[in-house]
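So the chains spell out like this:
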Amino acid sequence: MWSERRRPPLLLVAAAVVVAVTALASSGEAALQVGFYRDTCPLAEDVVLEEMKLIVMEDATVAPSLLRMHYHDCFVQGCDGSIMLRSRKKGKKAERDALPNRSMRGFDAIERIKARLEALCPLTVSCADIIAMAARDAVYLSHGPWYDVETGRRDGNVTVAEYVDNDLPPPDSNIVDVKTFFSVKSLNSKDIAVLFGCHSIGTSHCGPIQKRLYNFTGNMDQDPSLKPSYAAELRKLCPPPRPGEENEDGDGEGKTKVPLDPGSNYTFDLSYYRHVLATGGLFQSDGSLLDDPVTRGYVEKVANASSPDEYYADFAAAMVKMGRTDVLLGDLGEIRPTCGIFVD
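All figures in this text were calculated on a predicted structure; none of them were measured in a lab.

1. Comments concerning unusual backbone geometry
Positive phi outside glycine occurs at His143, with the angle close to 75°. Checked against the element boundaries, His143 lands in the loop between helix 4 (127-140) and strand 4 (150-151). Among the residues examined, His143 registers a relative accessible area of 48% and is labelled partly exposed.

In structure tokens:
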């Protein structure tokens, strides 16, 4: 599949979203748009896809992390590439140092793509746009849909670890909390249900689910919404932490990995929704989709769909919408020569 032309056959393409978003920048009106680099770096998207094919062939587990990186970048200060930054000041932590990002992988992959683009088109393609394109290609190379990515973002130069905890809904969020976090980013209930489909690929450490398995209400109990047989499987993989091992991984050395979508955790498809409907999902936030009429209705519709086409179109639209979150345009922000530079 990867040796075929860049764009997949029309049958596999989610409806292309080509309406540009506009915003006022300091130099006047600027906009995200499909094909932003058509004149300044016409091979940009081809280079990203070419590198992503090699990256995913070398290690398929990087694909879900790059999709996650785009989500984490956009939710914290907007889609500005700030997740890549490092803090120079002693004792000051960057976004990538925050607890939800400590298990993040793929920083080297973004730097690898950036180096190729810098050799071809110096100081032209932003890190924020590379992350957005890499996320799209990660989905496509995991047998998911292709969709057009709007580009033209510029990079931010501020990174604060505390912002991550403030802006990202944790895995043990209930549906009210999830809706609150997403609404701040102008994302609605349908967007939530659609974007949670990103959990179709990837794994988690045990830490984020141990409370759900062993101490859901503080009484050493299990989340009653979790299917008992599935909970039993998870308990075998994730025993309760011993004293002193309650860290971000929750399983001592953090080596145990639990699939987000068992049996299909590296294939982007509809089985995540079937899994949530049947078992309550891995995270409490996954199961919370069943606690709201809009999100539950969407989960049920996709879980029972005979074709992925409608979901793929919805996913394309939701990813483009999320990719517009608090972007820097025009003269705002910067184009960095490397993505993981140190900042004060």
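There's more to say after this.
2. Quick word on helix 9 (residues 228-237)
Regarding helix 9, the residues found buried are Tyr230, Ala231 and Leu234. For helix 9, the buried positions fall inside an angular range of 100° around the axis, keeping them on one side. Opposite the buried face of helix 9, by more than 90 degrees, sit the exposed residues Pro228 and Lys236. Against the buried residues of helix 9 lie helix 8 (207-214), strand 6 (258-259) and helix 10 (271-279).

3. Considerations on the confidence of the model for the chain
When pLDDT is averaged across the chain, the result is 90; 88% of the residues are at 70 or more. The low-confidence segment residues 1-28 (pLDDT under 50) makes 67 contacts with residues lying over four places distant or belonging to another chain. Ignoring residues within four places in sequence, the model shows residues 247-253, a span with pLDDT below 50, making 16 contacts including any to other chains.

4. Examining the side chain of Asp286
Along the polypeptide, Asp286 turns up in helix 11 (residues 284-288). One buried charged residue, Asp286, remains without a salt bridge, the closest side chain of opposite sign being Arg212 at 6.0 Å. Within the structure, the side chain of Asp286 is placed 2.8 Å from the side chain of His199, a separation counted as a polar contact. Non-local contacts of Asp286, meaning those with residues more than four positions away in its chain, are made with Phe196, His199, Tyr272, Val276, Gly280 and Gly281.

5. Some points on the state of the cysteines
Using the criterion set out here, one finds four disulfides in the structure. One disulfide bridge connects Cys41 with Cys121, the sulfur atoms lying 2.1 Å from each other. In this structure the cystine formed by Cys41 and Cys121 twists about its S-S bond by roughly 80°; its chirality is therefore right-handed. Of this pair, Cys41 sits in the loop between strand 2 (28-34) and helix 1 (44-58) while Cys121 sits in the loop between helix 3 (107-120) and helix 4, and the two are 80 residues apart along the sequence. Each member of the pair, Cys41 as well as Cys121, is classed as buried. Disulfide pairing places Cys206 opposite Cys238 at an S-S distance of 2.0 Å. Negative torsions about the S-S bond denote left-handed disulfides, and the value of about -75° found for Cys206 with Cys238 makes this one left-handed. Of the two residues, Cys206 is situated in the loop between strand 5 (203-204) and helix 8 and Cys238 in the loop between helix 9 and strand 6; the sequence distance between them amounts to 32 residues. One exposure class covers both Cys206 and Cys238, and it is buried. In the chain, numbering the disulfide-bonded cysteines from first to last in sequence yields the connectivity 1-4, 2-3, 5-8, 6-7.

6. Looking at the nonpolar core
Residues Met52, Met69, Ile110, Leu117, Tyr311 and Phe315 are the most contacted members of the largest nonpolar core, which totals 81 residues. A total of ten residues in this core trace back to one element, the largest contributor, which is helix 4. Leaving out residues up to four positions away in the same chain, Met69 has contacts with Ile83, Met84, Met104, Arg105, Gly106, Phe107, Ile110 and Ile131.

Cut-offs applied
- Residues numbered from 1 in each chain as written.
- Predicted model: local features only at pLDDT ≥ 70, side-chain atom pairs only at ≥ 80, totals over all residues.
- Heavy atoms only, no water.
- Helix = DSSP H or I, 4+ residues; strand = E, 2+ residues; numbered from the N terminus.
- Buried < 20%, exposed > 50% of the residue type's maximum accessible area, 1.4 Å probe, protein only.
- Arc of directions from axis to C-beta.
- Contact = heavy atoms within 4.5 Å.
- pLDDT = per-residue confidence, 0-100.
- Lys, Arg positive; Asp, Glu negative; His and termini not counted.
- Salt bridge = Lys/Arg side-chain N within 4 Å of Asp/Glu carboxyl O.
- Polar contact = N/O pair within 3.5 Å; in protein donor to acceptor, adjacent residues only side chain to side chain.
- Disulfide = S-S within 2.5 Å.
- Core = buried A, V, L, I, M, F, W, Y, C linked by side-chain atoms within 4.5 Å.

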